[in-house]
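Residues per chain are reported as follows:
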Amino acid sequence: MKKMRIYEYAKEKDVPSKSIIDKLAGAGINVSNHMSVIDEKMMKVIEGDNASAPESKGQETAKPKNDARPQGNRQGQGNNKKGPQRPGQNQNRNNKGKQQQRPPQQQQKPEPPKPKPLPEKITFVESLTVGELASKLHKEPSELIKKLMFLGVMATINQELDKDSIELIATDYGVEVEEEIVIDETEFENYADEDKEEDLKERPPVVTIMGHVDHGKTTLLDSIRKTKVTEGEAGGITQHIGAYQVETSGKKITFLDTPGHAAFTTMRARGAQVTDITILVVAADDGVMPQTKEAISHAKAAGVPIIVAVNKIDKEAANPDRVMQELTEFELVPEAWGGETIFVNVSALAGTGIDELLEMILLVAEVAELKANPDKLARGSVIEAELDKGRGAVATLLVQSGTLKVGDPIVVGSSFGKVRAMVNDLGRRVKEVGPSTPVEITGLNEVPLAGDQFQAFPDEKKARQIGEVRMSRQREANLAASSRVSLDDLFNQIQQGDVKEINIIIKADVQGSVEAMRGSLEKIEVEGAKINIIHTGVGAITEYDVMLASASNGIVIGFNVRPDVNAKRTAEAEKVDIRLHRIIYNAIDEIEAAMKGMLDPEFEEKVIGQAEVRTTFKVSKVGTIAGSYITEGKVTRDSTVRLIREGIVIYEGSINALKRFKDDAKEVAAGYECGITLENFNDLKEGDIIEAYVMEEIERK
Ligand SMILES: Nc1nc2c(ncn2[C@@H]2O[C@H](COP(=O)(O)OP(=O)(O)OP(=O)(O)O)[C@@H](O)[C@H]2O)c(=O)[nH]1
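Quantities reported herein were computed from a predicted structural model and do not represent experimental measurements. (Residues numbered from 1 in each chain as written. Predicted model: local features only at pLDDT ≥ 70, side-chain atom pairs only at ≥ 80, totals over all residues. Heavy atoms only, no water.)

A. The arrangement of the pairing of strand β28 (residues 623–636) in detail. In terms of strand pairing, β28 meets strand β33 (residues 673–678) through 4 bridges, oriented antiparallel. Across the sheet, G627 pairs through a bridge with G675, a residue of β33. One ladder, built from 3 bridges, connects β28 with strand β32 (residues 667–669); its direction is antiparallel. Within β32, the residue paired with V635 across the bridge is V668. (Pairing = 2+ DSSP bridges. Helix = DSSP H or I, 4+ residues; strand = E, 2+ residues; numbered from the N terminus.)

Below, the structure is given as structure tokens:
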């Protein structure tokens, strides 16, 4: 069955998309906008009164211009069934009646086509070719070409005309022009409607804790949670969902539960700007350390205000003044010293200073005037996500604007679904959550990635449609990535700084096997190499798995499963290595062996023999030949040698020639005499010791 998007159809029929949407609405068919797909049946409905196009164009201009924005469409949808609200509809219906009678007459008595009158108005998207513009204006292309020539533009029928040229020509004919702005519905940014000031409500600040290793980030997060989270929430069992909320002085604060700047940066790299305030933890007994500096850079790069928590002040060695002093170098000057940075002395362990810290967070939040509109479809970011044995894809979302409700159709990154259940940080089921609230949801078809954005939609069909487009875009983007290599090459080549990483996707017949594989693979320890399990799943290896492997330069391991047809084809095209196993240990052994192989080989010196220089000959073209006697082991032509004189190494290099009498020798064993010349070295003396050794690759443990 023929299917196409409304705007494509509109282009083909040379009518504005809006008139088609209206016609469908008039016939009781609700579509969202020009991106919606229509089938033959719907086309027939539209074609029933197609000849009215010019008129409908006229009608359209009378309508409010609300259709271009997705938000507007949402509103439009609800009204569609009720014709009277939409001025175009009744007229459409009337037109339909008229035109249905017209065609038979035309068929009976074919007349030479009369030149069509000029339309009142034309619309276009981005640009038009001369031919397209001519057809919209009901003119011959040659006429337009002549006109263009007159205007000093030499054009052909297929020449693209820009907005100015289109306007110039159309206006010359007295026809109004309007550019249709096509909104890419798959881009969530396009849903960020300008909120009216009165719709904006105060929202809790979202706080991330950063700082150097062991300075007390985790302890601080725990301490805040312990002292505050259960207040007024008696009986709540805290649950790790990647973020939590506390209440202090009647106001809420949201903390991201993953300390450290790695998470912060990963989120930011994926376009998620969720943090409003950074708490920089600095241990008072240790001062500014490398990761303290990194954390400052990250917070500054993101333009996020910093509050310094000088921690461990309970310790004897604590020196908060030193911390303040050191931080002035990074433009973090305490208020007491004339600066603007808030410093709070705390002991995360003893729980001192926590209240003050929270008060300061509220203060900074107040200054920042953090607001969001809760009365719209939710939008936000993924804090973390994973595949759960029983529940499938589970994701913690931070709602950043709007309100997320159970049952909401949603697109998250390139996954989609309907919010099946929502659980808050206290492990309680909730029905809806507003801005700055973290919530764990189930119901997605795939596991999204931390930092992915999400957007709720008014209907499931729309979510699916957009989710599918986003997924296929993701695939295309992945496809565009360079071709992949085989497992062995991969292991040899992947280098990420000093750490070598292997991205692995595990697919298995049952969840138990997935977990077993994951557990065993994660246990493989090879110094300098790292395994990243980027995706796991139950069932056949699909195209998605292959694409994911391709995008991340990884491999797919299948345990008791096979790739489906598409996956096989894509794997071939993308050169993604799929390893299929029936025994877990084989799979693990293979990876482990390859991982060892992937590392730069480790060498060890092995002395293979020694020779004593008994006499020397000087030969003009050759240099000094050492007449030697092999005292131990053997000396080979390709060995590396050291020349030792009275216990001191005076030369290290290679052998130039190794001869037995006049013949070249590959190796000479103990008890035999030979002539040795060294590369670029002639200062050989009687009594010197030549030690031969080779570098041997050793197996890693
Ligand atoms: N005396 C004292 N010890 C503290 C305080 N805060 C944290 N510690 C201790 O410092 C050590 C490190 O604390 P963590 O909270 O694990 O530090 P972290 O910054 O999360 O460390 P990483 O997760 O490794 O980056 C632990 O042994 C804590 O008990 C404090 O206020 N006073």
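Additional details are given in the paragraphs that follow.
B. Expanded view of helix α13 (residues 320–328). Taken together, the buried positions of α13 are occupied by P320, V323, M324 and L327. Down the axis of α13, the buried side of the element spans an arc of 100°, and every buried residue falls inside it. (Buried < 20%, exposed > 50% of the residue type's maximum accessible area, 1.4 Å probe, protein only. Arc of directions from axis to C-beta.)

C. Focus on the site of the ligand. The ligand sits among 15 residues. The nearest are K217, T218, T219, D314 and A348. Separating an oxygen atom of the ligand from a side-chain N or O atom of N311 is a distance of 3.0 Å. A distance of 2.9 Å is found between an oxygen atom of the ligand and a backbone nitrogen or oxygen belonging to A348. Starting from 650 Å² of accessible surface for the ligand in isolation, the protein chains cover 70%. When residues of the shell around the ligand are assigned to their parent elements, the largest contribution, 3 residues, is made by helix α10 (residues 217–228). Its residues placed into classes, the shell around the ligand shows 3 nonpolar, 7 polar and 5 charged. (Near = heavy atom within 4 Å. Polar contact = N/O pair within 3.5 Å; in protein donor to acceptor, adjacent residues only side chain to side chain. Areas by Shrake-Rupley, 256 points an atom, 1.4 Å probe, with all protein chains shown as cover. Nonpolar A, V, L, I, M, F, W, Y, C, P; charged D, E, K, R; others polar.)

D. Molecular detail of the pairing of strand β3 (residues 121–124). Burial along β3 is two-sided: K121 and T123 and I122 and F124, pointing in opposite directions, are all buried. The sheet contact formed by β3 and strand β6 (residues 176–179) spans 4 bridges and is parallel. Within β6, the position partnered with F124 by the bridge is E179.

E. Broad picture of the packing of aromatic side chains. Counting across every chain of the model gives 2 aromatic pairs. Over the aromatic face of Y173 sits the side chain of K147, whose NZ or CZ is 4.7 Å from the ring centroid. Sitting above the plane of the Y693 ring, R642 keeps its charged end 4.1 Å from the centroid. (Phe/Tyr/Trp six-rings, centres within 6.5 Å; stacked < 30°, edge-to-face > 60°. Lys NZ or Arg CZ within 6 Å of the ring centre and 35° of its normal.)

F. Region of the structure containing the sheet that holds strand β22 (residues 453–456). The antiparallel closed barrel is built from 6 strands, whose spatial order is β15-β16-β21-β19-β18-β22. Across the sheet, the mean angle from the axis of one strand to that of its neighbour is 45°, orientation sign disregarded. Direction of pairing for strand β16 (residues 392–401) relative to strand β21 (residues 437–444): antiparallel, over a ladder of 7 bridges. Counted as the bridge partner of T396 is E440 from β21. (Axes fitted to C-alpha atoms, helices over the stretch in contact; angles between N-to-C directions.)

G. Highlighting the sheet that holds strand β10 (residues 251–256). Spatially, β9-β10-β8-β11-β12-β13 is the arrangement adopted by the 6 strands of the open sheet, whose pairing is mixed. Looking at which strands have only one partner, the edges of the open sheet turn out to be β9 (243–248) and β13 (342–345). Averaged over all pairs of adjacent strands, the angle between their axes in this sheet comes to 30°, without regard to strand direction. Looking at chain direction, strand β8 (residues 206–211) and strand β11 (residues 277–283) are connected through 5 bridges and run parallel. Note that in β11 the partner of T208 across the bridge is T278. Contacting β8, β9, β10, β11, β12 (306–311) and β13, helix α14 (residues 354–368) runs over the sheet at an angle of about 100° to β10. (Contact = heavy atoms within 4.5 Å.)

H. Spatial organisation of helix α2 (residues 17–26). Among the 10 residues in α2, 10 count as buried, and that is most of the element. Along α2, the positions that sit buried rather than exposed are S17, K18, S19, I20, I21, D22, K23, L24, A25 and G26. Within two residues after α2, G28 carries a phi angle of roughly 85°, on the positive side.

I. Examining the pattern of salt bridges more closely. Under the criterion given, the structure shown has 28 salt bridges. K251 is the salt-bridge partner of E202, the closest N and O atoms lying 3.3 Å from each other. Here K251 lies in strand β10 and E202 lies in strand β7 (residues 201–202), a separation of 49 residues in the sequence. Overall, K251 belongs to the partly exposed group, its relative accessible area being 32%. Residue R518 pairs with E522 through a salt bridge whose shortest N-O separation is 3.9 Å. In this pair, R518 and E522 are both assigned in helix α17 (residues 511–523), 4 residues apart and thus about one turn of the helix distant. (Salt bridge = Lys/Arg side-chain N within 4 Å of Asp/Glu carboxyl O.)

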